[in-house]
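# Inside the fold
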Amino acid sequence: MAIRTIREEGDEILRKKSREVEKVDEKIKELINDMFETMVKYNGVGLSAVQVGVLKKVIVIDTGEPGERLVLINPKIIKEKGEQTVEEGCLSFPNKFGKIVRPNEVTVVALDENGKEFKTKAKELLAQAICHEVDHLNGELFIDKILPGTLEIINPEDQK
Ligand code: NI
């Protein structure tokens, strides 16, 4: 396992689309382990492979709630329901936060870390995290969806 470098704002890879994973092999499993380790180190709720420089459709999420630690490979959101207005941030934009409108509930189909297809329904924070990370796989960033007037830029000096 290893901590990987997180690509940050201004890195053009963040605007690129990720490719489908054809085979969940040892290399993908190592990527997943590294992504979890990296996400935990930086206190994230979710991380997509593009954020560590790999243009493959791989996402890890851990909201901290029981049953909400997920690996999503080649995810597809097949249903969205309702709306929630939420505060959002991103490990690639460590000092920026803002309010954004997300679906309140999503149904997603994906492969797990063993390459097995599964379907799950997610609400609230987990739904938000899934939408945020799936956007990353499409080269879309939360910063473009922030509600006008809600962007907050945190001075890193204030966090010490
Ligand atoms: Ni993000």
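In this report, the structure presented in the accompanying data block is examined. (Residues numbered from 1 in each chain as written. Predicted model: local features only at pLDDT ≥ 70, side-chain atom pairs only at ≥ 80, totals over all residues. Heavy atoms only, no water.)

## What about the overall build of the chain?
- The secondary structure content of the chain amounts to 2 helices and 8 strands.
- Counting helices and strands in the order they occur from the N terminus, the chain gives α-β-β-β-β-β-β-β-α-β.
- Whereas a compact globule of 160 residues would reach a radius of gyration of roughly 15 Å, the chain reaches 15 Å, a difference of no more than 12%.
- By residue count, 46% of the 160 residues in the chain fall in the buried class.
- Expressed as a percentage of contacts within the chain between residues at least 6 apart in sequence, the contacts between residues at least 24 apart total 66%.
- When the accessible surface of the chain is split by element, carbon and sulfur atoms take 46% of a total near 8,900 Å². (Helix = DSSP H or I, 4+ residues; strand = E, 2+ residues; numbered from the N terminus. Rg over C-alpha atoms; globule rule 2.2 N^0.38 Å. Buried < 20%, exposed > 50% of the residue type's maximum accessible area, 1.4 Å probe, protein only. Contact = heavy atoms within 4.5 Å. Areas by Shrake-Rupley, 256 points an atom, 1.4 Å probe, with all protein chains shown as cover.)

## With respect to the coordination of the nickel ion
- Within the protein, the atoms that donate to the nickel ion are Cys90 (SG), His132 (NE2) and His136 (NE2), at distances of 2.0 to 2.2 Å.
- Read from N- to C-terminus, the donor residues coordinating the nickel ion fall into the pattern C-x41-H-x3-H. Here His136 lies in helix α2 (residues 124–137) and Cys90 lies in strand β4 (residues 84–90), a separation of 46 residues in the sequence. For the pair formed by Cys90 and His136, the shared burial category is buried. (Donors = N, O, S within 2.8 Å, 3.2 Å for Na, K, Ca; no water.)

## Concerning the nonpolar core
- In this structure, Ile32, Met35, Leu47, Val58 and Ile73 are the most contacted members of the largest nonpolar core, which totals 18 residues.
- Those elements that provide at least two residues to this core are α1 (26–41), β2 (58–62) and β3 (69–81).
- Counting residues per element, this core draws most heavily on α1, which supplies 6 residues.
- Apart from residues lying up to four places away in sequence, Leu47 is in contact with Ile6, Met35, Thr38, Met39, Val52, Val58, Ile59, Val60, Leu91 and Glu133.
- In terms of nonpolar packing, the next biggest core, distinct from the first, is built from 15 residues, Ile61, Val108, Cys131 and Val134 among them. (Core = buried A, V, L, I, M, F, W, Y, C linked by side-chain atoms within 4.5 Å.)

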